[in-house]
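# An overview of the molecular structure
What follows is the residue order along each chain.
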Amino acid sequence: MSRPRKRLVARLPREREARLSLRRIYLVPTRFGATLIVVALAVWIGALNYGVSLAYALAFWIVALMIVSVAFAYRQLAGLVIAPQAAEPAFAGDSVSFAVRLDIPGSANGRYELRLLGGEAESRSVSHDQQIPLSLPWPAPERGRLAMPPLEIASSAPFGLVRAFSRVRLASDALVYPRPCEDARDEVGAAGGGDTRVLRTGDEEFSHLEPYRRGDAVRRIAWRVSARRGALVAKRFGGGTLSGAWLIAWRDYPAGCDTETRLSRLAWRVLRAERLGQPWRLHLPDADIAARPRQLDEALAALACFGKRS
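Keep in mind it's a predicted model, so treat the numbers as computed, not measured.

### Regarding the packing of helix H5 (residues 259-276) against helix H6 (residues 295-305)
At their nearest, the axes of H5 and H6 sit 10 Å apart, and the two run at 175 degrees to each other. It follows that H5 is roughly antiparallel to H6 by the angle criterion. Of H6, the residues touching H5 (which contributes Leu263, Leu266, Ala267, Val270, Leu271 and Glu274) are Leu296, Ala299, Leu300 and Leu303. Classifying every residue of the contact of H5 with H6 by side-chain character gives nine nonpolar, no polar and one charged.

Rendered as C-alpha cells:
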C-alpha cells in the first residue's frame, strides 16, 4: 500500500461496528469494465465517422450495461454491517486470526472479498448469507496487543465490470504472547510426600518476604522477622517450591538478562507447569498471579503486555 493511501486509511476512525452507506462505498471499473469502455468509445467514434446505426446501438448498449453494473455493484455493499469478533491469542512469530461477522441485509445473492490492508493478507471470497463469520490471518511478529489492520471489503458481482469497495477500521485487537523459550535451568525431579519439587542446577535462592498465607509450609516462616513485625511472614524462594507450588519469578534471572528473553522463558515455564498439572505462581515486578480461575490466561496476558503501554 502506498504512503498516501496509508495516511488516508490511518485517518479512518476505529469502530465497534461499521455500516456501509453511500458515502463510504467507492466504485471503480474493473480491467474488463475499462476495456469495454474503451471498446464502446471506439465503436462510437466509428459510428460517427461512418454513420452505422448498428455501431451506435452497440456503443449505447455497452454504456447502459456499465450503468447497470454500477447500480448492482453498489447494491452489493449498501447496508452491509461489519462487526469484529473476539480474536484468539497467538504466540509471537505465529499468525493471529482476526474474526469479523457480516450482516447482510436483503435477500439478493452476492459475493464479497475481504482482506486486511498493508501486508500479504489473504483475499477471501464468500457466498451470500444472512450472517457470515470470517477469519482473516495476520502475522504477529512481536508480543503485545496487536490492533486489527484496516479491512477492505469489495465486490464486483454480478457482471464483473465495476468493483465496489469500502475500507473500515474496526476496534479489535488480539493478544500476542511471548514466544516460549525453553529454560534449561529447570529440571523436574520426582514427587515426594505429595508435593512435586523442582530440582535446579543450583540451590534455591532466597527471593523476598511476604505476609504468611494459609497453606504456607511452617518451615517457610521467618520467625525472627515475624516476631519483630508482630505478624507471620513467609520466605519466598526464586524458581523453587512454595507450599507445593512453583514460584516462577522475574527475579530468577540475572539483571543482565534482557526483557524479551526473560518473558519468553517465563512463558515456557508457566506453560510447562500448567501442562504437568503442577500448581504455580507467577511473580512479575508489576503483577503477582497466584492460583485462581483462568490463571494461565492472566499470566500469559501479563507477560504479553509487560512494559507495553495500554
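### Quick word on helix H2 (residues 31-50)
The α-helix winds at 3.6 residues per turn, so residues separated by three or four positions along the chain end up facing the same way. For H2, with 20 residues, the first-to-last C-alpha span of 29 Å sits near the 28 Å given by 1.5 Å per residue. What H2 keeps buried is the set Gly33, Leu36, Ala40, Val43 and Ala47. The arc that holds every buried residue of H2, seen down its axis, measures 80 degrees, which confines them to one face. Opposite the packed face of H2, turned more than 90 degrees from it, sit the exposed residues Arg31, Val38 and Asn49. In the core, the buried residues of H2 are packed alongside strand E3 (26-29) and helix H3 (53-77). Looking one or two residues beyond H2, the residue adopting positive phi is Gly51, at roughly 65 degrees.

### Considerations on the pattern of salt bridges
Tallied over the entire structure, the rule returns eleven salt bridges. Across the pair Glu15 and Arg24 runs a salt bridge whose closest N-O atoms are separated by 2.8 Å. The exposure class of Glu15 is buried, given its relative accessible area of 18%. Residue Arg24 is classed as partly exposed on the basis of its relative accessible area of 22%.

### So, the UniProt feature "transmembrane region" (unreviewed entry) in the protein chain
Under the UniProt annotation, the feature "transmembrane region" (unreviewed entry) is placed at residues 21-47 and 53-74. Secondary structure content for residues 53-74 is 100% helix and 0% strand, and the end C-alpha separation is 32 Å.

### Quick word on the pairing of strand E13 (residues 173-177)
Along E13, four of the five residues are buried, which leaves the element largely enclosed by surrounding structure. Two strands pair when backbone bridges link them, and strand E5 (residues 90-91) and E13 are joined in this way by two bridges, in the parallel orientation. Across the sheet, the residue bridging to Phe91 is Tyr177, located in E13. Two elements, strand E10 (residues 144-147) and E13, share four bridges in a ladder whose sense is antiparallel. Bridge pairing links Arg145 to Leu175 in E13.

### Describing the environment of Ala147
Structurally, the position occupied by Ala147 is in strand E10. Accessibility expressed as a relative area gives 36% for Ala147, which makes it partly exposed. Residues Ala147 and Asp173, spaced 26 residues apart in sequence, show a C-alpha to C-alpha distance of 4.2 Å. Setting aside anything within four residues of it in sequence, one finds Ala147 in contact with Arg14, Phe98, Ser172 and Asp173.

### Comments concerning the environment of Ala42
If you trace the backbone, Ala42 turns up in helix H2. Between the alpha carbons of Ala42 and Ala55 there is a distance of 9.7 Å; along the sequence they are 13 residues apart.

### A word on the packing of aromatic side chains
Under the defined criterion, the tally for this structure stands at five aromatic pairs. Between Phe72 and Phe159 the ring centres are 5.7 Å apart and the planes differ by 70 degrees, which places this aromatic pair in the edge-to-face class. Residue Phe72 is found in helix H3, and its partner Phe159 is found in the loop between strand E11 (151-155) and strand E12 (162-170); the two are separated by 87 residues along the sequence. For the pair Phe91 and Tyr177, a centre-to-centre distance of 5.5 Å together with 65 degrees between the ring planes defines the contact as edge-to-face. Placement of Phe91 in strand E5 and of Tyr177 in strand E13 is noted, with a sequence separation of 86 residues between them. Taking relative accessible area as the criterion, Phe91 reaches 23% and is therefore assigned partly exposed. Relative accessible area serves as the criterion here: at 7%, Tyr177 is assigned to the buried category.

The rules we used
- Residues numbered from 1 in each chain as written.
- Predicted model: local features only at pLDDT ≥ 70, side-chain atom pairs only at ≥ 80, totals over all residues.
- Heavy atoms only, no water.
- Axes fitted to C-alpha atoms, helices over the stretch in contact; angles between N-to-C directions.
- Helix = DSSP H or I, 4+ residues; strand = E, 2+ residues; numbered from the N terminus.
- Parallel < 35°, antiparallel > 145°, perpendicular 65-115°, else oblique.
- Contact = heavy atoms within 4.5 Å.
- Nonpolar A, V, L, I, M, F, W, Y, C, P; charged D, E, K, R; others polar.
- Expected span 1.5 Å × (residues − 1).
- Buried < 20%, exposed > 50% of the residue type's maximum accessible area, 1.4 Å probe, protein only.
- Arc of directions from axis to C-beta.
- Salt bridge = Lys/Arg side-chain N within 4 Å of Asp/Glu carboxyl O.
- UniProt positions renumbered as here; feature names shortened; annotations may be inferred.
- Pairing = 2+ DSSP bridges.
- Phe/Tyr/Trp six-rings, centres within 6.5 Å; stacked < 30°, edge-to-face > 60°.

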